[in-house]
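The lines below spell out each chain.
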Amino acid sequence: MKPPRERIIETTFQLFARQGYNSTGINQIISEAEVARASFYQHFKSKEDLCVEFLKVRHEYWFSELNSFLEKEKDPKSKIIKAFEFLIYMNEKENFRGCSFLNILSEIPGDNIKILNVIQSHKADLRSYFLEILKDEQISDHIYMLFESSIIESQLFKSNELIEKSRKIVTNLIQ
């Protein structure tokens, strides 16, 4: 059996994906992760702290998956086009669950700075990721906006159609 901390994070991922942040309680996490209450609080002081850790783990996982998916691509245009294919891959892998960060953003109050900072940091890293590849702020921001909207639209409609259209736009946008 995995260590309690790992079980808590894995259970949190499943529950947040299935029922959302607000509808997931600590008692349910403790029960489904099969950990003692004291063990939970040894690792996390609150649900908010658990959410922050969940998002940090998700950030590392997501970028690791993205980098693995793009590792064979050498030129910037191929990397960017392949990044949109990565969205299709993730939709198939995670059944159109969308962006964990935006899903949680929609559920937290606007003054929850602790969680908001982690979400903003993830999005800033993604924006920087495209800038690092393309070395052109205007084009990379355009790509970033297409990428983000593709995630939301594919989750909303349970379809990769707009990812495919965005990929075609990007193909023509990058010279």
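Residues numbered from 1 in each chain as written. Predicted model: local features only at pLDDT ≥ 70, side-chain atom pairs only at ≥ 80, totals over all residues. Heavy atoms only, no water.

Given a rise of 1.5 Å per residue, 19 residues ought to cover 27 Å, and the 27 Å separating the end C-alpha atoms of helix 5 (residues 76-94) matches this to within 8%. Among the residues of helix 5, Ile80, Ile81, Ala83, Phe84, Phe86, Leu87, Ile88, Met90, Asn91 and Glu94 are the ones counted as buried. Residues of helix 5 that are buried sit in contact with helix 1 (4-19), helix 4 (47-70), helix 7 (113-134), helix 8 (137-157) and helix 9 (161-173). One or two residues past the end of helix 5 sits Asn95, with phi positive at roughly 55°. (Helix = DSSP H or I, 4+ residues; strand = E, 2+ residues; numbered from the N terminus. Expected span 1.5 Å × (residues − 1). Buried < 20%, exposed > 50% of the residue type's maximum accessible area, 1.4 Å probe, protein only. Contact = heavy atoms within 4.5 Å.)

What follows deals with the packing of helix 5 against helix 7. At a minimum axis separation of 9 Å, helix 5 and helix 7 run at an interaxial angle of 150°. One element, helix 5, and the other, helix 7, form an angle in the roughly antiparallel class. Contacts between helix 5 and helix 7 involve Pro76, Lys79, Ile80 and Ala83 from the former and Phe130, Ile133 and Leu134 from the latter. Here the residues of the contact of helix 5 with helix 7 are counted per class, giving six nonpolar, no polar and one charged. (Axes fitted to C-alpha atoms, helices over the stretch in contact; angles between N-to-C directions. Parallel < 35°, antiparallel > 145°, perpendicular 65-115°, else oblique. Nonpolar A, V, L, I, M, F, W, Y, C, P; charged D, E, K, R; others polar.)

Now for the nonpolar core. Within the largest apolar cluster, 38 residues are counted, with the highest numbers of intra-cluster contacts made by Leu55, Ile80, Phe84, Ile104, Ile115, Phe130 and Phe147. Only helix 4, helix 5, helix 6 (100-105), helix 7, helix 8 and helix 9 provide two or more residues apiece to this core. Not counting the four nearest positions on each side in its chain, Leu55 is found in contact with Ser100, Phe101, Ile104, Ile115, Val118 and Ile119. If you look at the next biggest cluster of nonpolar residues, it comprises eleven residues, including Ile9, Leu15, Val35 and Phe40. (Core = buried A, V, L, I, M, F, W, Y, C linked by side-chain atoms within 4.5 Å.)

Let's shift gears to the pattern of salt bridges. Where charged atoms from two side chains of opposite charge approach closely, those side chains can pair. Counted by the stated rule, this structure contains twelve salt bridges. Here Glu94 makes a salt bridge to Arg58, at a shortest N to O gap of 2.6 Å. With Glu94 in helix 5 and Arg58 in helix 4, this pair connects stretches of sequence that are 36 residues apart. As far as burial versus exposure is concerned, Glu94 and Arg58 are alike and both buried. A salt bridge links Lys123 to Glu148, with the shortest nitrogen-to-oxygen separation between them at 2.8 Å. Linking Lys123 in helix 7 with Glu148 in helix 8, this pair joins segments that are 25 residues apart in sequence. Looking at Lys123, the relative accessible area reads 9%, which means it is buried. Judged by relative accessible area, Glu148 falls into the buried class, the value being 8%. Through salt bridges with shared partners, a single ionic network connects Lys82, Glu85, Glu164 and Arg167. (Salt bridge = Lys/Arg side-chain N within 4 Å of Asp/Glu carboxyl O.)

Here Lys47 is to be found in helix 4. No salt bridge forms around the buried Lys47; measuring N to O, its nearest opposite-charge neighbour Glu107 is 7.0 Å away. (Lys, Arg positive; Asp, Glu negative; His and termini not counted.)

Counting through the fold element by element, Gln14 comes out in helix 1. Judged by relative accessible area, which is 47%, Gln14 ranks as partly exposed. As a C-alpha pair, Gln14 and Ile29 span 15 residues in sequence and 9.8 Å in three-dimensional space.

What follows deals with unusual backbone geometry. Even without being glycine, Lys135 reaches a positive phi, approximately 60°. With respect to the secondary-structure elements, Lys135 resides in the loop between helix 7 and helix 8. Under the relative-accessibility criterion, Lys135 is labelled exposed at 65%.

Here we take up the confidence of the model for the chain. Residues shown with low pLDDT carry predicted positions that ought not to be read at fine detail. The share of residues in the chain with pLDDT of 70 or more is 100%, and the mean pLDDT across the chain is 96. No element of the chain has a lower mean pLDDT than helix 1, which averages 95, and none a higher one than helix 7, which averages 98. (pLDDT = per-residue confidence, 0-100.)

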